[in-house]
Amino acid sequence: ASNSGQVSNMIRSTIDGMVLEIPVEEGFSVVERNNFNEGTTVATVADMDELIFEGTVDESDVGKLKEGMPINIRIGAIEDQSFDGRLTYIAPKGNELEGAIKFEVEASMDYPEDVFIRSGYSASGDIILQKAENVLTLKERDLFFENDSVFVEIHLGGKNYEKRLLETGISDGIEIEIKSGIDTSMMIKAQKIADKDEKKK
């Protein structure tokens, strides 16, 4: 005859953190990790003070990125608020995703203690490649681009305008930095945007 009994072991987490998932229930069989078995996951624990943003970047942009660059992160579930981060990882190899080559990136996140962010939220990030503060800007739509030169029309009074050569800086596709050629005392001619519904005569 033999006696059988229950074996009770206490499992301790290797980190302090929040329990995100417990995939087993009372009575489930649990196998210890060894050379032949990955073992049974009894709980997933995360340090919520060190959240990581994970995303992908198109191959046409990945060459412009460097670790340490600032990133502005927006979370879909948290409206009207963004969070600062810093790029910490850029994958050395890309993967095909939806017909394009994408590279995985990771960023650390900074956020106030009074904001609760759940693991697995969908988010998007803008990586700041260049930055200019306290500079004169114009709408790109009001400029003329001829060969390698940029021009704008200056209002001289009445119906008179003068074409003026500009030196420009960085652009976000809507606003462009003006380094020289005009100053804040000048008025420029806003270019008319063609109405898509306007009939051609």
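In case you missed it, the structure is sitting above this.
Residues numbered from 1 in each chain as written. Predicted model: local features only at pLDDT ≥ 70, side-chain atom pairs only at ≥ 80, totals over all residues. Heavy atoms only, no water.

Within the chain one finds one helix and 13 strands. Reading the helices (α) and strands (β) of the chain from amino to carboxyl end gives β-β-β-α-β-β-β-β-β-β-β-β-β-β. A sequence separation of at least 24 residues applies to 55% of the contacts in the chain between residues at least 6 apart. Of the roughly 16,300 Å² of accessible surface on the chain, 45% is carried by carbon and sulfur atoms. (Helix = DSSP H or I, 4+ residues; strand = E, 2+ residues; numbered from the N terminus. Contact = heavy atoms within 4.5 Å. Areas by Shrake-Rupley, 256 points an atom, 1.4 Å probe, with all protein chains shown as cover.)

Ranked by internal contacts, the top residues of the largest apolar core, which has 19 residues, are Leu65, Ile75, Phe83, Leu87, Met109 and Ile117. Only strand E3 (52-58), strand E4 (70-75), strand E5 (82-90) and strand E7 (100-109) provide two or more residues apiece to this core. The element that contributes the greatest number of residues to this core is E7, accounting for four residues. In terms of nonpolar packing, the next biggest core, distinct from the first, is built from nine residues, Leu143, Val150, Val152 and Ile182 among them. (Core = buried A, V, L, I, M, F, W, Y, C linked by side-chain atoms within 4.5 Å. Buried < 20%, exposed > 50% of the residue type's maximum accessible area, 1.4 Å probe, protein only.)

This next bit is on the packing of aromatic side chains. One pass over the full model with this rule turns up zero aromatic pairs. When the ring centre of phenylalanine 151 is taken as reference, the NZ or CZ atom of lysine 163 above it lies at 4.7 Å. Looking at lysine 189, its charged tip hangs above the ring of tyrosine 161, at a distance of 5.3 Å from the centre. (Phe/Tyr/Trp six-rings, centres within 6.5 Å; stacked < 30°, edge-to-face > 60°. Lys NZ or Arg CZ within 6 Å of the ring centre and 35° of its normal.)

Summarising the element assignment, glutamate 177 is placed in strand E13 (residues 175-180). Despite its burial, glutamate 177 pairs with no opposite charge, the nearest such side chain being lysine 179 at 5.3 Å. Not counting chain neighbours up to four residues away, the residues in contact with glutamate 177 comprise Ala132, Val135, Leu136, Thr137, Glu167, Thr168, Gly169 and Ile170. (Lys, Arg positive; Asp, Glu negative; His and termini not counted. Salt bridge = Lys/Arg side-chain N within 4 Å of Asp/Glu carboxyl O.)

Applying the stated rule across the entire model yields eight salt bridges. Put simply, lysine 102 and aspartate 58 hold a salt bridge, and the shortest N to O gap is 3.6 Å. Of this pair, lysine 102 sits in strand E7 while aspartate 58 sits in strand E3, and the two are 44 residues apart along the sequence. On the basis of relative accessible area, aspartate 58 is assigned to the partly exposed category, the value being 24%. In this structure, glutamate 153 engages lysine 189 in a salt bridge whose closest nitrogen and oxygen atoms are separated by 3.8 Å. Pair noted here: glutamate 153 is in strand E11 (residues 149-157) and lysine 189 is in the segment after E13, with a separation of 36 residues, a long-range link.

In this section: unusual backbone geometry. Of note in the backbone geometry, aspartate 80 takes a positive phi value of approximately 60 degrees without being a glycine. Mapped onto the secondary structure, aspartate 80 falls in the loop between E4 and E5. The phi dihedral of asparagine 147 falls on the positive side, at around 55 degrees, and the residue is not glycine. Looking at the secondary structure, you find asparagine 147 in the loop between strand E10 (144-146) and E11. On the accessibility criterion, asparagine 147 (83% relative accessible area) is exposed.

Going residue by residue along E4, you find Ile71, Ile73 and Ile75 tucked away on one face and Pro70, Asn72 and Arg74 left uncovered on the opposite face. Pairing analysis gives five bridges linking E4 to E5, with the strands arranged antiparallel. Among the inter-strand pairings, proline 70 is bridged to a residue of E5, identified as arginine 86. The antiparallel hairpin formed by E4 and E5 contains six residues in its connecting segment, where aspartate 80 sits at a positive phi of about 60 degrees. Pairing of E4 with strand E8 (residues 123-127), which is carried by five bridges, proceeds in the antiparallel orientation. In the strand pairing of E8, isoleucine 75 is matched with alanine 123. (Pairing = 2+ DSSP bridges.)

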